[in-house]
Amino acid sequence: MRLDKFLKVSRLIKRRTVANEACDAGRVSVNGKEAKASYEVKTGDVLEIRFGARLTRARVMGIKESPRKDEASDLVEMIP
């Protein structure tokens, strides 16, 4: 699944266009490297999202095309 779509379905970012813009601006990295919106997300990848001074880290636990709201939190594990 594309990175921008995964960020949306996992509800880490609210809209896919915002996720796409964050990737283009270099604010999203996967496994320590900047990633484009077209990056194919795999289970076990570590995502870092920077918005201003806030840094969000999450590990991909699963990939699902269209999860329900209560299933979305099972797709990622937040890393402190």
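Conventions used here
- Residues numbered from 1 in each chain as written.
- Predicted model: local features only at pLDDT ≥ 70, side-chain atom pairs only at ≥ 80, totals over all residues.
- Heavy atoms only, no water.
- Core = buried A, V, L, I, M, F, W, Y, C linked by side-chain atoms within 4.5 Å.
- Buried < 20%, exposed > 50% of the residue type's maximum accessible area, 1.4 Å probe, protein only.
- Helix = DSSP H or I, 4+ residues; strand = E, 2+ residues; numbered from the N terminus.
- Pairing = 2+ DSSP bridges.
- Salt bridge = Lys/Arg side-chain N within 4 Å of Asp/Glu carboxyl O.

Draft legend 1. Fine view of the nonpolar core. Among the nonpolar cores identified, the biggest contains 20 residues, and Leu3, Phe6, Leu7, Ile13, Cys23, Val28 and Leu47 are the most heavily contacted of them. Sorting elements by how many residues they give to this core places helix α1 (residues 3–9) first, with 4 residues.

Draft legend 2. View of the sheet that holds strand β1 (residues 28–30). Strand order in this open sheet of 5 strands is β2-β1-β3-β4-β5, and the pairing throughout is antiparallel. Each edge of the open sheet carries a strand with a single partner, namely β2 (33–34) and β5 (76–79). In terms of strand pairing, strand β3 (residues 46–51) meets strand β4 (residues 54–60) through 6 bridges, oriented antiparallel. Pairing of Glu48 across the sheet is with Arg57, part of β4.

Draft legend 3. Local environment of unusual backbone geometry. Not every positive phi belongs to a glycine, and Arg11 is a case in point at roughly 65°. For Arg11, the location among the structural elements is in the loop between α1 and α2 (16–24).

Draft legend 4. Focus on the pattern of salt bridges. If you walk through the whole model with that rule in mind, you get 8 salt bridges. Notably, a salt bridge pairs Asp4 with Arg16, separated by 3.3 Å at the nearest N-O pair. Here Asp4 is found in helix α1, whereas its partner Arg16 is found in helix α2, with 12 residues between them in sequence. According to the relative accessible area criterion, Asp4 is buried, its value standing at 1%.

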